[in-house]
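# A look at the structure
Residues per chain are reported as follows:
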Amino acid sequence: STNNENNTQSNNQNNNNPNNNNTNNNPNNNNNGQDETIQENKPKITSTISKINLNENIMVEVYYPSTACGWIYYPTNLEKIYPEYVVSKKLYLDFDEEYSLDSSAYKAKESLIEYDTTKENDVNNKLKTIANMKIPGIANFRYGLEDHQFYYSFDVIHTFDRYTFQTLENSLSENLEMVESVFKDGYTVEGPCGTGPDEPQLLNEELCNQFNLTCDRW
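For the structure given in this document, a descriptive report is provided here. Since we're looking at a predicted model, the values are computed, not measured.

This paragraph deals with the overall build of the protein. Regarding its fold elements, the protein presents seven helices and 10 strands. Within the protein, buried positions represent 32% of all 218 residues. Long-range pairs, those at least 24 residues apart, make up 74% of the contacts in the protein between residues at least 6 apart in sequence. Summed over its atoms, the accessible surface of the protein is roughly 14200 Å², and 43% of this surface lies on carbon and sulfur atoms.

Another aspect to go through is the state of the cysteines. Tallied over the full model, the rule gives one disulfide. The disulfide that involves C208 links it to C215, with 2.0 Å between the sulfurs. Of note, the bridge from C208 to C215 carries an S-S torsion of about -85 degrees and is left-handed in sense.

Let us look at unusual backbone geometry. Even without being a glycine, A68 presents a positive backbone phi close to 50 degrees. Unusually for a residue other than glycine, K89 sits at a positive phi of about 65 degrees. With respect to the helices, strands and loops of the structure, K89 is situated in the loop between β4 (86-87) and β5 (90-91).

Let us look at the side chain of E169. Secondary-structure assignment places E169 in helix α6 (residues 166-180). As a buried residue without a salt bridge, E169 has its nearest oppositely charged side chain in R162, at a separation of 4.0 Å.

Summarising the sheet, strand β6 (residues 138-146) and strand β7 (residues 149-159) pair through seven bridges and their orientation is antiparallel. Note that in β7 the partner of G144 across the bridge is Y151. Linkage of β6 to β7, two consecutive antiparallel strands, is achieved through a turn of two residues, within which D147 is found at a positive phi near 50 degrees.

Here the focus is the nonpolar core. Burial of nonpolar side chains together is a common tendency in soluble globular proteins. Residues V123, L127, F150, F154, V179 and F183 are the most contacted members of the largest nonpolar core, which totals 16 residues. Elements supplying a minimum of two residues to this core: α5 (117-131), β6, β7 and α6. The element best represented in this core is β7, accounting for four residues.

All right, on to a nonpolar patch on the surface then. Taken together, the side chains of M59, F160 and L202 make up a nonpolar region of the molecular surface, amounting to roughly 270 Å² of accessible area. Tracing the backbone through its elements, the reader meets L202 in strand β9 (residues 201-202).

If a strand is regular, its side chains alternate between the two faces of the sheet. Here strand β2 (residues 59-63) runs beside β9; their pairing, made up of two bridges, is antiparallel. Within β9, the position partnered with V60 by the bridge is Q201. Note: β2 against β7, four bridges, orientation antiparallel. Each residue of the ladder has a partner; that of V60, found in β7, is T159.

Now for the pattern of salt bridges. Evaluated as defined, the whole model comprises four salt bridges. Across the pair R217 and E205 runs a salt bridge, and its minimum N-O distance is 3.0 Å. In this pair, R217 sits in the segment after β10 (215-216) while E205 sits in helix α7 (residues 205-210), placing the two residues 12 residues apart along the sequence. Using a relative accessible area of 39% as the deciding quantity, one classes R217 as partly exposed.

Take the environment of K109 next. Within the secondary structure layout, K109 lies in helix α4 (residues 104-110). According to the relative accessible area criterion, K109 is partly exposed, its value standing at 24%. Sequence separation between K109 and Y82 is 27 residues, and the spatial gap between their C-alpha atoms is 8.1 Å.

All right, on to the environment of E199 then. Looking at the secondary structure, you find E199 in the loop between β8 (187-189) and β9. Distance in space between the C-alpha atoms of E199 and E61 is 6.4 Å, their sequence separation being 138 residues.

Below, the discussion takes up the packing of aromatic side chains. In the structure shown here, the tally under the stated rule is nine aromatic pairs. With a centroid separation of 6.1 Å and an interplanar angle of 85 degrees, the aromatic rings of W71 and Y73 are classed as edge-to-face. Ring centres of F150 and F183 lie 6.2 Å apart, and the angle between their planes is 65 degrees; this geometry places the pair in the edge-to-face category. Taken together, the residues F150 in strand β7 and F183 in the loop between α6 and β8 connect sequence positions 33 residues apart. Here F150 and F183 have matching classes, each one buried. Every member of this aromatic cluster is reached through a ring pair, and the members are Y74, F141, Y143, F150, Y152, F154 and F183. The lysine or arginine in question, K89, covers the ring of Y187, its NZ or CZ lying 5.0 Å from the ring centre.

What counts and what doesn't
Residues numbered from 1 in each chain as written. Predicted model: local features only at pLDDT ≥ 70, side-chain atom pairs only at ≥ 80, totals over all residues. Heavy atoms only, no water. Helix = DSSP H or I, 4+ residues; strand = E, 2+ residues; numbered from the N terminus. Buried < 20%, exposed > 50% of the residue type's maximum accessible area, 1.4 Å probe, protein only. Contact = heavy atoms within 4.5 Å. Areas by Shrake-Rupley, 256 points an atom, 1.4 Å probe, with all protein chains shown as cover. Disulfide = S-S within 2.5 Å. Lys, Arg positive; Asp, Glu negative; His and termini not counted. Salt bridge = Lys/Arg side-chain N within 4 Å of Asp/Glu carboxyl O. Pairing = 2+ DSSP bridges. Core = buried A, V, L, I, M, F, W, Y, C linked by side-chain atoms within 4.5 Å. Patch = residues over 30% accessible without salt bridge, like charges linked within 9 Å, V, L, I, M, F, W, Y side chains within 5 Å. Phe/Tyr/Trp six-rings, centres within 6.5 Å; stacked < 30°, edge-to-face > 60°. Lys NZ or Arg CZ within 6 Å of the ring centre and 35° of its normal.

Written as structure tokens, this is what we have:
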């Protein structure tokens with residue numbers, strides 16, 4: 001009876017032993033051979049913002065950021081003028097109702113606004129610099145300043161498969177953030193118009209030239 005108990009205990013220990021060479025329970029068992037083969041056969045992505053390999057067949061989308069019939073400006077007392085309409089540095093006015101752009105009520109309010117002209121000059125100088133730069137991923141940058149109101153529009157390119165081309169996409173996104181950060185302290189009045197992105201397309205030499213990208217094939 002004692003021998004049977006010892007044999008049973010020994011068998012139980014072997015079954016529970018994490019080092020037991022059991023192909024069903026061994027966590028180090030290589031059951032993913034097929035997955036590893038797929039990973040090995042998957043082409044390595046080499047494209048970066050410094051040099052893009054067009055033979056990697058990169059699908060891209062073109063977007064068109066702009067002030068979209070609105071504007072950005074730098075008032076110092078906007079919350080006092082429009083206490084009920086300013087939320088998170090955005091001015092929400094119904095221009096079809098009381099505060100239409102031609103209404104006396106709107107013009108009376110606007111005449112009370114005071115502006116940070118030092119900030120305006122700083123932003124304007126930064127925009128001049130950006131307009132003279134060839135920023136990878138940015139094209140057709142335009143801006144203007146009229147009656148304290150800034151307007152801008154430009155084209156920006158993004159990878160469509162942002163996971164596969166993550167390194168390249170991160171650099172493109174950083175360049176876009178650099179441009180948009182110029183207006184980070186401004187107040188925004190959003191307009192009713194705007195343009196959505198183009199359909200995804202294959203990145204080619206023409207797009208590379210347009211968006212200041214260094215491209216080749218290898």
